[in-house]
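Observations on the model geometry
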Amino acid sequence: MRSLSFQVVTGRWFGMLASCQVMSAAGATYMFGLYSGTIKSALGYDQKTLNLLSFFKDLGANLGVISGLINEVTPPWMVLSTGAALNFFGYFMIWLAVSLKIAIPKVWQMCLYICIGANFQSFANIGALVTCVKNFPESRGVVLGVLMGYVGLSGAIITQLYHAFFGNHNDPKALILLIACLPAAISFAFLWTIRIRKVIQRRRQENELKALYKFLYISLALAGFLMIMIIVEKQLTFQQSEYGGSAALVLLMLFLPLPVAVIPEEFKLWKIGQQVLTEPPPSQLKIIITGDSNTQICSSPLPPESAPPPSPATSSQSEASCSSNVFSRLPERGEDHTIRQALFSLDMLVLFFVAIWGIGGTLTAIDNLGQIGTSLGYSQKSLSTLISLVSIWNYLGRVTTGFGSELVLDKYKFPRPLILTLILLLACVGHLLIAFNIKNGLYFASIIIGFCAGAQWSVLFTVISEIFGLKYLSRLYSLGALASPIGAYVLNVRVAGHLYDKEAKRQLAGLGDDNNDLNCSGVECFKLAFIIITAATLFGSLVSLILVIRTREFYNGDIYRKFREQDATEAETEMVPTCPSLAKG
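As the structure is a prediction and not an experimental result, all values here were calculated from the model.

The next thing to look at is the overall build of the protein chain. Looking only at helices and strands, the protein chain has 24 helices and two strands in total. By residue count, 55% of the 585 residues in the protein chain fall in the buried class. The contacts in the protein chain between residues at least 6 apart in sequence include a share of 84% that link residues at least 24 apart. A total accessible area of about 25,000 Å² is found for the protein chain, and carbon and sulfur atoms account for 65% of it.

This is the structure we're talking about:
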């Protein structure tokens with residue numbers, strides 16, 4: 001008989017809490033704007049080279065092919081430990097380079113380092129997020145919203161911990177070192193508790209959604225606290241001890257779900273398990289009337305009979321039709337798709353195209369936020385505020401769309417792809433605020449773009465799981481994520497970086513300055529780039545309407561019926577065993 005403490009530590013609810021901790025340190029890629037200036041000055045890069053480095057950061061964060069393949073053949077703890085090792089190596093090498101403790105690496109080496117370090121985000125997504133989605137299949141929108149929300153908050157959380165460790169010292173090099181160590185340490189601390197657990201219907205709590213809402217409320221309180229701290233820190237000067245108190249409260253709120261949600265829910269499961277062991281329900285007794293009017297009562301289970309092996313003809317026919325099925329008939333929406341089947345699906349092509357321009361545009365704005373603020377005359381303290389605003393509103397975008405889309409889908413059958421369309425239209429507003437530099441517009445742009453960046457990720461992967469099934473979710477997740485670096489390369493490197501350097505050269509030529517340090521100032525540095533990004537995002541929103549039309553009937557139905565039917569079948573199998581005397585016919 002398992003103890004309650006063992007039930008808590010090994011249960012899926014504690015796995016949810018552990019995943020929240022891992023994801024709360026997995027969004028360091030969104031902090032690139034805080035230390036990008038240090039890399040640029042220490043290594044002598046121009047803006048195009050810096051944006052190339054940013055592209056490889058985004059590529060690493062979203063290149064989930066390796067992590068997806070590892071996840072198919074190993075448990076989640078192996079995925080998380082591999083990601084932690086990559087995170088430490090990549091960012092530690094960057095810290096050595098910018099601290100000039102090693103010879104200045106070549107550009108391709110720096111691109112490789114940041115790609116390896118940022119790849120931890122992909123491993124965290126596969127190892128923690130996908131595992132929790134499989135543990136809570138009927139609440140996947142909520143789970144995705146909560147966990148991806150913590151990714152959005154991670155930038156603000158790490159910033160608070162950075163100030164607690166280093167005070168008011170403005171040392172981005174120390175921040176890079178913290179990014180190298182903290183996510184790896186958290187992953188190693190919790191990786192043993194994150195695993196896939198099968199939960200049958202009679203042990204699945206009816207108030208599962210209410211318990212997940214507790215995670216939401218606590219994360220909202222954490223986001224509100226971080227927002228208050230941002231405002232207060234901007235107005236006052238904190239000492240290191242005061243930052244330490246703030247960081248202690250952050251840690252307390254990170255673990256608050258343990259007594260509020262995890263222990264109560266696992267206690268309910270533990271009690272159900274105790275009742276099953278001590279009081280077998282009457283439904284386990286099955287009365288069987290045979291042909292000779294003898295009555296038998298059976299109460300012991302029988303291992304299932306093995307199915308007869310398929311005939312050689314059947315096997316050859318199955319093998320012959322395996323590849324042809326990819327082309328002849330794709331599975332219905334909601335059924336499990338393989339990678340090849342998803343690739344040949346118009347739904348996936350539309351999602352991929354929309355993500356290229358939608359997520360690519362918001363990533364370009366986030367990665368260049370430091371350079372945008374500098375060119376528009378914002379102070380370093382204001383840049384820190386902007387990054388934290390992006391982080392918090394990134395979180396709000398993820399949880400709002402995660403819970404909100406689940407709510408409107410359940411009550412009004414409002415399709416999730418249409419929510420994605422509305423998010424892209426809102427992102428256009430943020431891009432225009434940057435392009436035309438309205439007074440204090442960068443603060444509002446940070447809020448809008450942060451919200452839209454988080455919302456897009458949450459809706460995108462929920463739609464993928466609903467349309468293409470859960471069986472190959474880790475690889476399908478990786479496939480969808482690849483759209484992000486493609487869009488970032490086109491919009492960030494080829495558009496924003498190129499136009500920035502072009503304007504910087506024009507300004508230097510006008511001043512008659514032969515200085516090779518290309519620093520641009522004024523609204524023209526990014527104006528044309530973000531007008532182009534706005535047009536690309538608007539085009540993506542129009543294309544997304546194709547998916548809205550194609551999936552209208554699917555979202556009007558019961559998309560979770562499959563899981564309820566599976567649970568009912570499993571519950572019946574467990575509760576009603578067969579009689580041994582029937583095994584021999």
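Let us look at the packing of helix H5 (residues 65-73) against helix H20 (residues 473-481). Angle between the axes and distance between the axes: these two values describe a pair of packed helices. For the pair H5 and H20, interaxial distance at closest approach is 8 Å and the crossing angle is 180 degrees. When the axis of H5 is compared with that of H20, the two are roughly antiparallel. On H20, the residues touching Val65, Gly68, Leu69, Asn71 and Glu72 of H5 are Ser474, Arg475 and Ser478. A breakdown of the residues in the contact of H5 with H20 according to their chemical character gives two nonpolar, four polar and two charged.

The next point concerns the side chain of Asn492. Relative to the elements of secondary structure, Asn492 occurs in helix H21 (residues 483-511). Overall, the relative accessible area of 0% leaves Asn492 in the buried class. Within the structure, the side chain of Asn492 is placed 3.2 Å from the side chain of Ser54, a separation counted as a polar contact. Each residue touching Asn492, except ones within four places of it in the same chain, is listed here: Asn51, Ser54, Thr364, Asp367, Asn368, Gly487 and Gly497.

Moving on, we get to the packing of aromatic side chains. Applying the stated criterion across every chain, the model contains 22 aromatic pairs. Plain terms: the ring middles of Phe353 and Phe539 are 5.6 Å apart, the flat faces sit at 80 degrees to each other, and that makes the pair edge-to-face. Of this pair, Phe353 sits in helix H15 (residues 346-367) while Phe539 sits in helix H22 (residues 527-550), and the two are 186 residues apart along the sequence. Judged by relative accessible area, Phe353 falls into the partly exposed class, the value being 28%. Look at Phe539 and you get partly exposed, because its relative accessible area is 46%. Joined through ring pairs, the aromatic side chains of Trp13, Phe136 and Phe215 make up one cluster.

With 83% of its residues at a pLDDT of 70 or more, the protein chain has an overall mean of 82. The least confident element of the protein chain is strand S2 (residues 295-298), whose mean pLDDT is 41; the most confident is H22, at 96. Note that pLDDT drops below 50 for residues 283-324; the model gives that stretch 37 contacts with residues more than four away or on any other chain. Note on residues 576-585: pLDDT is under 50 here. Beyond four places in sequence and across chains, it has 18 contacts.

It is worth spelling out the pattern of salt bridges at this point. As enumerated under the stated definition, the model contains eight salt bridges in all. In this structure, the salt-bridge partner of Lys57 is Asp58, at a minimum N-O distance of 2.6 Å. Lys57 gets classed as buried once you look at its relative accessible area, which sits at 1%. When its relative accessible area of 2% is taken as the criterion, Asp58 is described as buried.

What follows concerns the nonpolar core. Ranked by internal contacts, the top residues of the largest apolar core, which has 167 residues, are Met16, Ile39, Ile94, Phe215, Leu222 and Ile392. In contact with Ile392, not counting residues within four places along its chain, are Gly152, Leu153, Ala156, Ala223, Leu226, Met227 and Ile230.

Attention now goes to a nonpolar patch on the surface. On the surface, Leu432, Phe436, Ile438, Leu528, Ile531 and Ile532 cluster together into a nonpolar patch covering about 500 Å² of accessible area. Contributions of two or more residues to the nonpolar patch are made by helix H18 (416-436) and H22.

It is worth spelling out unusual backbone geometry at this point. One non-glycine residue, Leu100, adopts positive backbone phi at about 60 degrees. Mapped onto the fold, Leu100 is located in the loop between helix H6 (76-98) and helix H7 (107-135). Residue Asn440 is not a glycine yet carries a positive backbone phi of 55 degrees. Considering the arrangement of structural elements, one finds Asn440 in the loop between H18 and helix H19 (441-468).

Turning our eyes to something else, we now look at the state of the cysteines. Taken as a whole, this structure holds one disulfide when the rule is applied. Unpaired in this structure, Cys428 has its nearest cysteine sulfur neighbour in Cys452, at a distance of 8.8 Å.

A separate point is the side chain of Glu266. For Glu266, the location among the structural elements is in helix H12 (residues 257-278). For Glu266, the side chain forms a polar contact with the main-chain nitrogen of Arg12, separated by 3.3 Å. Discounting chain neighbours no more than four positions away, the residues touching Glu266 are Leu4, Gln7, Val8, Gly11, Arg12, Trp13 and Phe14.

Here the focus is the environment of Ile356. Mapped onto the elements, Ile356 comes out in helix H15. Measuring from C-alpha to C-alpha, the distance between Ile356 and Ala536 comes to 9.3 Å, with 180 residues separating the pair along the chain.

For H19, spanning 28 residues, the distance from its first C-alpha to its last is 40 Å, which sits close to the expected 40 Å at 1.5 Å a residue. With 26 of 28 residues buried, H19 lies mostly within the body of the structure. Two residues or fewer after H19 comes Gly469, characterised by a positive phi angle close to 85 degrees.

Cut-offs and rules
- Residues numbered from 1 in each chain as written.
- Predicted model: local features only at pLDDT ≥ 70, side-chain atom pairs only at ≥ 80, totals over all residues.
- Heavy atoms only, no water.
- Helix = DSSP H or I, 4+ residues; strand = E, 2+ residues; numbered from the N terminus.
- Buried < 20%, exposed > 50% of the residue type's maximum accessible area, 1.4 Å probe, protein only.
- Contact = heavy atoms within 4.5 Å.
- Areas by Shrake-Rupley, 256 points an atom, 1.4 Å probe, with all protein chains shown as cover.
- Axes fitted to C-alpha atoms, helices over the stretch in contact; angles between N-to-C directions.
- Parallel < 35°, antiparallel > 145°, perpendicular 65-115°, else oblique.
- Nonpolar A, V, L, I, M, F, W, Y, C, P; charged D, E, K, R; others polar.
- Polar contact = N/O pair within 3.5 Å; in protein donor to acceptor, adjacent residues only side chain to side chain.
- Phe/Tyr/Trp six-rings, centres within 6.5 Å; stacked < 30°, edge-to-face > 60°.
- pLDDT = per-residue confidence, 0-100.
- Salt bridge = Lys/Arg side-chain N within 4 Å of Asp/Glu carboxyl O.
- Core = buried A, V, L, I, M, F, W, Y, C linked by side-chain atoms within 4.5 Å.
- Patch = residues over 30% accessible without salt bridge, like charges linked within 9 Å, V, L, I, M, F, W, Y side chains within 5 Å.
- Disulfide = S-S within 2.5 Å.
- Expected span 1.5 Å × (residues − 1).

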